[in-house]
Amino acid sequence: MYSQGNLTINESSEIYSNEASQNGGGVFVGGGITSIVNSKIYKNKALVNGGGALINEGETTLNSVEISENQANSGGGIATAGKLSLTSVTVVSNKAIANGGAIALLAGGNGVLNSGDINSNTALNGGAIYMEGGALNIIGGQIGSDQTSKANRATNYGGGVYAVGGKLTMDGGVLGSTVETIASSVDFANAANCGSMIYSTDGAEVIINGGVIGRGYSSQSGGAIYMAGGSVSLASCYVQYNATSASGGAIAVYSDASLTLNTNAQIKNNVAAEHGG
């Protein structure tokens, strides 16, 4: 499906088993206003961006939508350079060969996660979400799972979110899990080599004002958060029960990155095999 105008998809519609040699395996949106409600986008494939859907421009709202088992080079489920709002969504079991197993925010795309579940997605970087500039606001929902079999996984960096520049804000919701047992190499909510929950670089600004970041496992450093650059500030949140086989059970700060803990930031019950729990 290809659209350069306004597009509405309503009530129990299904888009599945389609393929594009470039972008938008299921749906390509070039502009306008798009609304998708109570529908499914699954088992689609794009060789470049947006296995399930590519939103090049415009505004897209998804409400009570399932996006599953799609595949692309970047943005296995969805890729967007426009504006994307997600409410009561289920984004599961999507795969990106490169970046953003579930969602890729490309070239300044903006996303808001109001509620929903994002789990069981895989990519090289950004197992769940990859953002390249632009902005992502997590208000609610869960990115990760209480079950290891449904964790988001990045082969390299950022099991939950990989932020290359731009602004990531978390005001609520869960990155990982709220289960209160320490993660391990075989029991985790999200996983990556570095930064199982968040990997930030290239001047990314990460502001955590609420929510839980819990039960991530990193085989190298930064059990939950790995900062290769940019800034992270934490307030009124919990970073808990994360683990790494190297250093920084909760957070690892490198290069010119800066970390600030503000009012009521709770860093607890994290474990590092080497330095800095």
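Check the entry above for the structure.
Residues numbered from 1 in each chain as written. Predicted model: local features only at pLDDT ≥ 70, side-chain atom pairs only at ≥ 80, totals over all residues. Heavy atoms only, no water.

Here the focus is the overall build of the protein chain. Secondary structure summary: the protein chain contains zero helices and 40 strands in total. Computed over its C-alpha atoms, the radius of gyration of the protein chain comes to 17 Å, within 12% of the 19 Å expected for a compact globule of 277 residues. When each of the 277 residues of the protein chain is scored for burial, the buried share is 58%. The contacts of the protein chain with a sequence gap of at least 6 include a subset with a gap of at least 24, amounting to 84%. As displayed, the protein chain has an accessible area near 10000 Å², and 44% of this comes from carbon and sulfur atoms. (Helix = DSSP H or I, 4+ residues; strand = E, 2+ residues; numbered from the N terminus. Rg over C-alpha atoms; globule rule 2.2 N^0.38 Å. Buried < 20%, exposed > 50% of the residue type's maximum accessible area, 1.4 Å probe, protein only. Contact = heavy atoms within 4.5 Å. Areas by Shrake-Rupley, 256 points an atom, 1.4 Å probe, with all protein chains shown as cover.)

Going through the model one piece at a time under the given rule, you end up with one salt bridge. One salt bridge connects Asp187 with Arg215, and the closest N-O pair in it is separated by 2.9 Å. Remark: Arg215 occurs in the loop between β31 (212–214) and β32 (216–218) and Asp187 occurs in the loop between β27 (174–176) and β28 (190–192); sequence separation between them is 28 residues. By relative accessible area, which is 31% here, Asp187 ends up partly exposed. (Salt bridge = Lys/Arg side-chain N within 4 Å of Asp/Glu carboxyl O.)

Across the sheet, ten strands lie side by side as β3-β7-β11-β15-β19-β23-β27-β31-β35-β39; this open sheet has parallel pairing. Either end of the sheet is taken by a strand with one partner, and the two such strands are β3 (14–16) and β39 (265–268). For strand β23 (residues 142–143) and β27, the ladder comprises two bridges, and the chain directions are parallel. In the sheet register, Gln142 faces β27, and the bridge partner there is Val174. (Pairing = 2+ DSSP bridges.)

Moving on to the environment of Glu69. Assignment of secondary structure puts Glu69 in the loop between β11 (66–68) and β12 (71–74). Apart from residues no more than four positions distant in its own chain, Glu69 is found in contact with Lys43, Asn44, Val92, Ser93 and Asn94.

Strand order in the open sheet made by the ten strands is β1-β5-β9-β13-β17-β21-β25-β29-β33-β37, with parallel pairing throughout. This sheet does not close on itself; its edge strands, each paired only once, are β1 (2–3) and β37 (251–253). Here strand β13 (residues 78–80) pairs with strand β17 (residues 103–105) via three bridges, running parallel. What sits directly across from Thr80, in β17, is Leu105.

The next thing to look at is the packing of aromatic side chains. Applying the stated criterion across every chain yields a total of eight aromatic pairs. Between Tyr157 and Tyr199 the ring centres are 4.5 Å apart and the planes differ by 10 degrees, which places this aromatic pair in the stacked class. One end of the pair, Tyr157, is in strand β24 (residues 152–157); the other, Tyr199, is in strand β29 (residues 198–201), and 42 residues separate them in sequence. (Phe/Tyr/Trp six-rings, centres within 6.5 Å; stacked < 30°, edge-to-face > 60°.)

Moving on, we come to the environment of Ser200. Structurally, Ser200 is set in strand β29. A relative accessible area of 0% places Ser200 in the buried class. The residues touching Ser200, leaving out its near neighbours within four places in the chain, are Ala163, Val206, Tyr226, Met227, Ala228, Gly229 and Val232. Separated by 3.3 Å, the side chain of Ser200 and the backbone oxygen of Gly229 make a polar contact. (Polar contact = N/O pair within 3.5 Å; in protein donor to acceptor, adjacent residues only side chain to side chain.)

What follows deals with the environment of Thr60. By secondary structure assignment, the location of Thr60 is in strand β10 (residues 59–63). A relative accessible area of 3% means that Thr60 is categorised as buried. For the pair Thr60 and Ser35, spaced 25 residues apart in the sequence, the C-alpha separation amounts to 5.8 Å. Apart from residues lying up to four places away in sequence, Thr60 is in contact with Thr34, Ile55, Lys83, Leu84 and Ser85.

Let us now look at the nonpolar core. In globular proteins that are soluble, nonpolar side chains generally tend to be buried together. Grouped together as the largest cluster of nonpolar side chains are 50 residues, with contacts concentrated most on Leu62, Ile118, Ile198 and Ile213. Contact partners of Ile198, with chain neighbours within four places excluded, come to Val161, Leu168, Leu175, Val206, Ile208, Ile213, Ala224, Ile225 and Tyr226. Core analysis: the next-biggest nonpolar cluster, separate from the first, contains eight residues, Tyr130, Tyr162, Cys194 and Ala252 among them. (Core = buried A, V, L, I, M, F, W, Y, C linked by side-chain atoms within 4.5 Å.)

Time to look at the side chain of Asn94. By the element assignment, Asn94 lies in the loop between β15 (89–92) and β16 (95–99). On the basis of relative accessibility, which here comes to 1%, the residue Asn94 falls in the buried class. There is a polar contact of 2.9 Å between the side chain of Asn94 and the backbone nitrogen of Asn70. A distance of 3.1 Å separates a polar side-chain atom of Asn94 from the backbone oxygen of Val92.

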